[in-house]
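Understanding the architecture of this molecule
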Amino acid sequence: MSDGWNESASAWIAAQGERGDFGREHVLDPVMIERISGRRFERALDVGCGEGRFCRVLASKNISVVGIDPTEDLISRARQRDPAGDYRIGRAEALPFDADSFDLIVSYLTLIDIADFRGGLTEMVRVLKPGGTLLIANLNSFISSCSRGWIKDQDGSGPYYAVDRYLEEFPEWAEWSGIRVENWHRPLSSYMKELLSLGLTLTFFDEPQPRSGYDPALHAKYRRAPWFLVMEWQRPKDFP
């Protein structure tokens with residue numbers, strides 16, 4: 001069964017442009033770019049790179065980067081925009097790289113797209129060098145558990161964000177701007193337990209707010225509920 005990405009690739013490319021949507025450009029990018037700047041990373045892997053936007057950000061920081069994504073049209077667009085870049089078709093659950101190949105791995109809003117996220121994380125850790133960094137941006141689990149969005153009570157009070165089935169893991173269809181793709185809700189504990197079980201150490205955590213793009217309505221949207229999270233994990237240098 002399709003997860004919608006092949007059918008939604010054209011709409012995704014049009015919606016993202018070069019700078020990404022509001023959430024990426026003004027909420028996540030400031031934090032993600034801070035975490036990669038001045039760190040002397042040598043070789044990075046962007047897992048689920050899509051049309052390659054963040055790969056180009058990494059390259060602008062003089063980091064050698066490989067982008068991988070299972071959607072052919074998105075990889076084709078990445079190659080068109082960045083002919084000198086290294087973009088490959090592949091899946092997180094079966095990364096075509098040797099162990100200990102990268103000192104930085106980026107998962108930028110991709111874990112929500114991966115049905116077997118445990119297999120994907122296992123593979124990311126396998127190809128991460130000891131001492132290397134796994135940088136994750138993900139949809140906050142409070143948001144992914146609220147498929148109904150903002151609701152009001154019968155008396156008109158609210159609006160409220162209705163958390164539902166938070167402790168379960170389940171897929172749901174997300175639709176916006178002509179895009180229709182399958183996302184996965186999981187409680188934050190599912191991600192944390194898996195990352196800890198893989199021997200990683202948490203070194204940074206944030207639920208970022210907008211830092212730019214001064215649109216009062218959008219700022220209010222992203223401040224009223226925790227929309228995203230950013231985590232940085234390190235593979236210990238003495239990792240077995």
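Here's what I pulled together on the structure shown here.

Quick notes on the rules
- Residues numbered from 1 in each chain as written.
- Predicted model: local features only at pLDDT ≥ 70, side-chain atom pairs only at ≥ 80, totals over all residues.
- Heavy atoms only, no water.
- Helix = DSSP H or I, 4+ residues; strand = E, 2+ residues; numbered from the N terminus.
- Rg over C-alpha atoms; globule rule 2.2 N^0.38 Å.
- Buried < 20%, exposed > 50% of the residue type's maximum accessible area, 1.4 Å probe, protein only.
- Contact = heavy atoms within 4.5 Å.
- Lys, Arg positive; Asp, Glu negative; His and termini not counted.
- Charge placed at Lys NZ, Arg CZ, Asp CG, Glu CD.
- Arc of directions from axis to C-beta.

1. A short note on the overall build of the chain
Counting its regular elements, the chain contains eight helices and eleven strands. Here the C-alpha atoms of the chain give a radius of gyration of 18 Å, agreeing with the 18 Å that 2.2 N^0.38 yields for 240 residues. Among the 240 residues that make up the chain, the fraction classed as buried is 50%. In the chain, of all internal contacts separated by at least 6 residues, the share reaching a separation of at least 24 is 68%. The positive charge centre, built from 29 side chains, and the negative charge centre, built from 36, are 4 Å apart in the chain.

2. Quick notes on the environment of E207
Of note, E207 is situated in the loop between β10 (201–206) and α8 (216–224). With 152 residues separating them along the chain, E207 and C55 place their C-alpha atoms 23 Å apart. E207 has contacts with N140, P226, F228 and L229, leaving out every residue within four places of it along the chain.

3. Remarks on helix α4 (residues 72–81)
Listed as buried for α4 are L74, I75 and A78. Seen from one end, α4 has its buried residues packed into an arc of 100°, which puts them on one side. Those residues of α4 that are exposed and aimed more than 90 degrees away from the buried face are E72 and Q80. On the buried face of α4, the contacting elements are α1 (5–16), β2 (64–69) and β3 (86–89).

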